[in-house]
Amino acid sequence: MAKYIPDSKSNRWVILAPSRLNKPHATEAEYKLTQKDGMKIAKNCPFCPGNEEKTPCEIERMRGPHSWQIRVFANKFPITDVHEVIVHSPDHTKEIEQMTEEELKLLFIVYQHRIIKLSQEGVPILFRNKGADAGTSLPHPHSQIILLPRQINLEALSLEPIKNIVVENSMFVSFCPDFSQYPYEVWIAHKSCMNQEVTAPALESVDFARFSEEELTHVSRMLKTTLVALEKLLDGFSYNYYISPTPPFYLRIIPRVLIRGGFELGTGLSTNTVDPTMAAFEIKKYTTEL
Ligand SMILES: [Zn+2]
């Protein structure tokens, strides 16, 4: 059982998760890759095909040309009582930047499905950590969902005015918010939120759980375009992204190129070394037309 400890003064919570201590910390060098059916597979990776019995019980599976395309199972080292892992692809090395449109759409269909399912029991937080600086312990590309009880106060940000646009397609836009806390932070939002006159109830209806298949296709395409551009600019960077736990929808990408120091930890203030206007301008140079 996860233990939730409230701080009545600040209204913040801490989750005690001692099982996380046993989490493995493997690096890419420890995996020996072999080619199979045009994919790269690591024999000793618990997320690779052939090692399905090494993961806790499977929750969901999307079929693909090689037995499965996406697998969802319980996290072996959970933070809370419901903590799921979503493996993006059977290929050990296939990042979002290399996935096909069809594979990405499937991933977002699974994201949506898990969020809808878990929303019945609490607040699901869906996120991805990529790279050692972002807290990844296993390099095989995967996302995670953690379910929080509704009574926990979250310090989640709400969608801010859409400025410093990086790129847009017919349904979504990516941008660097004026209040970005990290250098080259990029948010993806639905274009219906761009209108300043949009009413609060209309904003509340921009809900990831209610996105159509077409919207899921467009948002996943926007994520890929943005990550490809960031990768070209920041070369081999670590990042986190997460989907807003409440409507209106946004997907926030945080490149981990800055380590927080004593000043930031002591004050809760953020020092961002790159002006978001300039960040958007720089990232935009690496985007291709959608
Ligand atoms: Zn693997």
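Residue numbering note: each chain is counted from 1, following its sequence as written. Confidence filtering applies because this is a predicted model: local features only for residues at pLDDT of at least 70, side-chain atom pairs given and counted only at 80 or more, and all residues used for totals across whole chains, interfaces and linings. Computation of side-chain values covers all heavy atoms of the structure but excludes hydrogens and water.

(A) Quick look at the overall build of the chain. A tally of regular secondary structure across the chain gives five helices and 14 strands. Rg of the C-alpha trace for the chain: 19 Å, near the compact-globule value of 19 Å for 290 residues, within the 12% margin. Seen along its three principal axes, the alpha-carbon backbone of the chain occupies a region of about 50 × 50 × 40 Å. By the burial criterion, 47% of the 290 residues in the chain qualify as buried. Comment: elements are numbered from the N terminus, with helices defined as DSSP H or I runs of at least four residues and strands as E runs of at least two. Only the C-alpha atoms count toward the radius of gyration. The rule for a globule is 2.2 Å times the residue count to the power 0.38. Buried, partly exposed and exposed residues are distinguished by accessible area as a fraction of the type maximum, computed with a 1.4 Å probe on protein chains only: under 20%, between the cut-offs, and over 50%, respectively.

(B) Looking closely at the coordination of the zinc ion. With distances of 2.0 to 2.3 Å, the protein atoms coordinating the zinc ion are Cys45 (SG), Cys48 (SG), His92 (ND1) and His140 (ND1). Only N, O and S atoms count as donors, using a 2.8 Å limit from the metal and a wider 3.2 Å limit for Na, K and Ca, and since water is excluded some coordination spheres may look unfilled. Note on geometry labels: four donors, all angles 85 to 135 degrees, give tetrahedral; four donors become square planar and six octahedral when opposite donors are over 155 degrees apart and every other angle is between 65 and 115; remaining cases are irregular. The site at the zinc ion holds four donor atoms, and with the angles between them running 104 to 118°, its shape is tetrahedral. In terms of primary sequence, the donors binding the zinc ion are separated according to C-x2-C-x43-H-x47-H. Residue classification places Cys45 among the buried residues on the basis of a relative accessible area of 0%.

(C) Representation of the pairing of strand β8 (residues 123–130). Within β8, eight of the eight residues are buried, which leaves it mostly tucked inside the rest of the structure. Taking every second residue as pointing to the same face, both faces of β8 are buried, with Val123, Ile125, Phe127 and Asn129 on one and Pro124, Leu126, Arg128 and Lys130 on the other. As judged from the four bridges shared by β8 and strand β13 (residues 239–243), these two strands associate in the antiparallel manner. Residue Lys130 lies in a different strand from β13, and its bridge partner there is Tyr239. Two strands are said to pair when DSSP picks up at least two bridges between them.

(D) Geometry of the environment of Leu157. Residue placement: Leu157 occurs in the loop between β9 (142–148) and β10 (165–168). Sequence separation of Leu157 and Pro245 is 88 residues, and the distance between their C-alpha atoms is 9.6 Å. Between two residues, a contact is recorded if the distance between any of their heavy atoms is within 4.5 Å. Setting aside residues no more than four positions away along its own chain, Leu157 makes contact with Phe179, Gln181, Trp187, Tyr242, Tyr250 and Arg252.

(E) How the structure looks around the sheet that holds strand β7 (residues 83–87). If you walk across this open sheet you meet the ten strands as β5-β6-β7-β9-β8-β13-β14-β12-β11-β10, and the pairing is antiparallel. Edge positions in the open sheet fall to β5 (58–62) and β10, since each of these has one partner strand only. Direction aside, neighbouring strands of the sheet carry axes that sit 20° apart on average. Axis definition: a line fit to C-alpha positions, over the contact stretch in the case of helices; interaxial angles, taken between N-to-C directions, run 0 to 180 degrees. Along the sheet face, helix α5 (residues 276–284) touches β10 and β12 (186–190) and points at about 40° away from the line of β10.

(F) The domain arrangement of the chain, seen in detail. For each domain, the first and last residues come from an automatic or database assignment. Here the chain is described as being made up of domain 1 (22–148) and domain 2 (165–284). Between the C-alpha centres of domain 1 and domain 2 the distance comes to 22 Å. Opposite the 26 residues of domain 1 that make contact, domain 2 presents 25 residues. Accessible area that two parts lose when put together, evaluated with a 1.4 Å probe and summed over both, is termed the buried area. Here domain 1 packs against domain 2, burying approximately 2,300 Å² in sum over the two surfaces, 61% of which is carbon and sulfur. The largest contributions to the domain 1 side of the interface with domain 2 come from Glu97, Phe108 and Gln112, which together make up 29% of the buried area.

(G) Geometry of the nonpolar core. We define the nonpolar core as a collection of buried residues of types Ala, Val, Leu, Ile, Met, Phe, Trp, Tyr and Cys that are connected through side-chain atoms lying within 4.5 Å of one another. Residues Ile86, Tyr111, Phe208, Leu223, Phe249 and Leu251 are the most contacted members of the largest nonpolar core, which totals 61 residues. Looking at this core, the element that brings in the most residues is helix α3 (residues 213–234), giving eight residues. Counting residues domain by domain, this core receives three or more from each of domain 1 (22–148) and domain 2 (165–284). Here Ile86 is in contact with Ile70, Arg71, Val72, Leu107, Val110, Tyr111, Arg114, Leu126, Pro141, His142, Ser143 and Ile145, once residues within four sequence places are set aside. Residues Tyr31, Cys48, Trp68 and Val85 belong to the second largest nonpolar core, which totals twelve residues.

(H) Region of interest: unusual backbone geometry. Note the cis peptide between Pro247 and Pro248, where omega equals 0°. As for its placement among the helices and strands, Pro248 is situated in the loop between β13 and β14 (250–255). Despite not being glycine, Asp37 has its phi angle at roughly 50°, a positive value. Residue position: Asp37 is located in the loop between β3 (33–36) and β4 (39–42).

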